[in-house]
There are 2 protein chains.
Amino acid sequence: MTDLPKAATARTSVDDAIVLIVDDDPSMRRALTNLFQSVGLRVEAFGSAAEIMEAKPPAVPSCLVLDIRLPGSSGFDLQSDLAKANIHTPIIFITGHGDIPMTVRAMKSGAIDFLTKPVRDQDMLDAVQAAIERDRRRRNIEESVAGVRSRFEGLSARQRDILILVASGLMNKQVAAELGLAEITVKIYRGQIMRKMGAKSLADLVRMVEALGISRPGGKVQT
Amino acid sequence: MTDLPKAATARTSVDDAIVLIVDDDPSMRRALTNLFQSVGLRVEAFGSAAEIMEAKPPAVPSCLVLDIRLPGSSGFDLQSDLAKANIHTPIIFITGHGDIPMTVRAMKSGAIDFLTKPVRDQDMLDAVQAAIERDRRRRNIEESVAGVRSRFEGLSARQRDILILVASGLMNKQVAAELGLAEITVKIYRGQIMRKMGAKSLADLVRMVEALGISRPGGKVQT
DNA sequence: CTACCGGACAAACCTATGTATAGGTCGCGC
DNA sequence: GCGCGACCTATACATAGGTTTGTCCGGTAG
């Protein structure tokens with residue numbers, strides 16, 4: 001939280017959104033770039049799927065504007081490649097000759113919009129705004145969870161065992177019995193866990209474990 | 001000893017899925033009905049949006065197969081009417097003369113599939129199976145949360161105040177200070193709350209409050 | 001008026017949790 | 001071998017959590 005923003009050129013406020021364009025038609029790239037820049041969005045344009053896969057994934061909220069017909073691989077291939085690489089930038093497809101099954105497929109695999117040429121400027125801007133908003137939200141959650149996860153990974157195996165049992169609602173003595181330990185041992189571990197995880201209360205701990213999605217035993221909310 | 005509100009679940013036949021068809025073309029209704037029945041699905045067919053809105057929402061996992069062009073209102077109207085009525089049955093649209101914007105609109109508002117006539121039987125069955133699976137999952141979550149919610153609503157105002165503060169991680173004395181009470185009072189309420197909510201541990205309580213989505217103070221997971 | 005309920009509190013008592021101090025064993029890397 | 005970290009335990013003490021029994025008050029439904 002203490003890192004000063006190393007803004008090189010402009011006052012890149014903390015989360016200046018960026019639009020990534022992939023289209024093999026240079027005039028299309030230019031037109032889109034102009035459109036987005038006219039409303040103050042940063043833009044990066046690519047001519048092929050390969051090019052963008054080499055670039056590093058953006059660190060700010062962003063979205064992808066993608067012609068579905070690309071040289072080499074189709075937009076779909078890029079979409080699934082990104083998914084495999086665990087990159088979840090929202091995608092807006094554009095197409096000249098799309099059909100309904102194609103649209104359904106794109107939307108089902110998570111595209112945020114699917115526009116047909118000629119694309120109306122306003123439609124495109126609306127779609128981009130929605131996409132960026134979604135990405136911003138996703139990044140926020142991801143970020144919180146990432147902190148918790150890295151702390152969890154800093155725990156020893158034993159500490160994790162105990163964390164999970166404690167967060168599932170067992171008393172120290174029950175945890176001890178479960179693991180064949182003395183109660184005092186569990187207490188000591190518990191203290192270590194609270195410190196390492198940065199939890200101020202048991203409630204915090206429970207929420208962290210929930211956020212990590214770990215609840216093997218019988219720890220779900222009941223009816 | 002136990003004042004646990006007993007969930008009045010009328011144990012219906014376990015979870016016989018049902019497919020709801022809305023199409024103004026009788027021959028289409030018949031064809032779809034036969035198709036679904038041939039794989040052992042229960043079916044109910046309607047000739048118009050109005051008809052199905054009068055029927056009571058199904059109590060088992062289900063899905064809606066909906067021609068987008070209906071007499072009177074369009075499939076979209078029905079979709080949004082259902083959404084307004086808080087009915088979230090997954091919808092599969094079928095259309096003879098659809099276009100891409102229509103498809104996008106349907107998918108964006110939550111349709112699970114969008115099929116074009118002539119519909120291949122296997123596509124339809126796949127779509128229905130996916131839709132019913134989704135509905136089953138949704139119902140499961142909904143059901144758990146509904147139980148918790150109804151118990152929460154059985155709490156007095158004071159009990160709710162205290163529940164929220166306790167679940168946010170405050171100690172009894174802090175809760176007492178916050179509300180201008182004696183610590184002993186908080187303890188007593190706390191016991192009542194545990195009983196009424198059917199929570200065996202603080203961890204349970206925290207999870208319930210999370211499931212209800214109540215966390216006003218500073219109770220979110222931190223980075 | 002009275003009975004009942006929810007809210008608030010107290011003393012007494014017990015259990016659970018948390019911390020400090022003070023150990024002990026093991027395995028691993030240098 | 002030595003140090004280090006993980007793992008495990010014990011005693012002792014302090015604080016937090018939780019129940020029981022009983023008291024008091026105010027509103028309100030009968």
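An account of the accompanying structure is given in this report. Just so we're clear, the structure is a prediction, and the values are computed from it rather than from any experiment.

### A closer look at the overall build of chain A
Here's step 1: Broken down by element type, chain A carries nine helices and five strands.
Here's step 2: Starting at the N terminus and ending at the C terminus, chain A contains elements arranged as β-α-β-α-β-α-β-α-β-α-α-α-α-α.
Here's step 3: Going through the 223 residues of chain A one by one, you find that 40% of them count as buried.
Here's step 4: Sequence separation of at least 24 residues holds for 62% of the intrachain contacts in chain A that already meet a minimum separation of 6.

### Describing the packing of aromatic side chains
Here's step 1: Within the structure shown, the criterion is met by four aromatic pairs over all chains.
Here's step 2: Note on Phe-76 of chain A and Phe-93 of chain A: the rings are 5.7 Å apart at their centroids and 55° apart in plane angle, and the pair reads as tilted. One end of the pair, Phe-76 of chain A, is in helix H3 (residues 75-84); the other, Phe-93 of chain A, is in strand E4 (residues 91-95), with 17 residues separating them in the sequence. The same class applies to Phe-76 of chain A and to Phe-93 of chain A, which are both buried.
Here's step 3: Put simply, the rings of Phe-76, Phe-93 and Phe-114 of chain A pair up and form one aromatic cluster.
Here's step 4: The residue whose ring lies beneath Arg-105 of chain A is Phe-76 of chain A, and the NZ or CZ to ring-centre distance is 3.9 Å.
Here's step 5: Across from the ring centre of Phe-152 of chain B, 5.2 Å away, lies the NZ or CZ of Arg-160 of chain B, which sits over that ring.

### Focus on the sheet that holds strand E3 (residues 62-67) of chain A
Residues and elements named next belong to chain A.
Here's step 1: Spatial ordering of the open sheet is given by E2-E1-E3-E4-E5, a layout of five strands whose pairing is parallel. Each edge of the open sheet is held by one strand with a lone partner, namely strand E2 (42-46) and strand E5 (113-116). Taken pair by pair, the neighbouring strands of this sheet meet at an average axis angle of 20°, ignoring direction.
Here's step 2: Here E3 pairs with E4 via four bridges, running parallel. Residue pairing for E4: Leu-64 is matched across the bridge by Ile-91.
Here's step 3: Against the sheet, helix H1 (residues 26-38) touches strand E1 (18-22), E2, E3 and E4, its axis set at about 170° to E2.

Cut-off values and rules
Residues numbered from 1 in each chain as written. Chains lettered and ligands numbered in written order. Predicted model: local features only at pLDDT ≥ 70, side-chain atom pairs only at ≥ 80, totals over all residues. Heavy atoms only, no water. Helix = DSSP H or I, 4+ residues; strand = E, 2+ residues; numbered from the N terminus. Buried < 20%, exposed > 50% of the residue type's maximum accessible area, 1.4 Å probe, protein only. Contact = heavy atoms within 4.5 Å. Phe/Tyr/Trp six-rings, centres within 6.5 Å; stacked < 30°, edge-to-face > 60°. Lys NZ or Arg CZ within 6 Å of the ring centre and 35° of its normal. Pairing = 2+ DSSP bridges. Axes fitted to C-alpha atoms, helices over the stretch in contact; angles between N-to-C directions.

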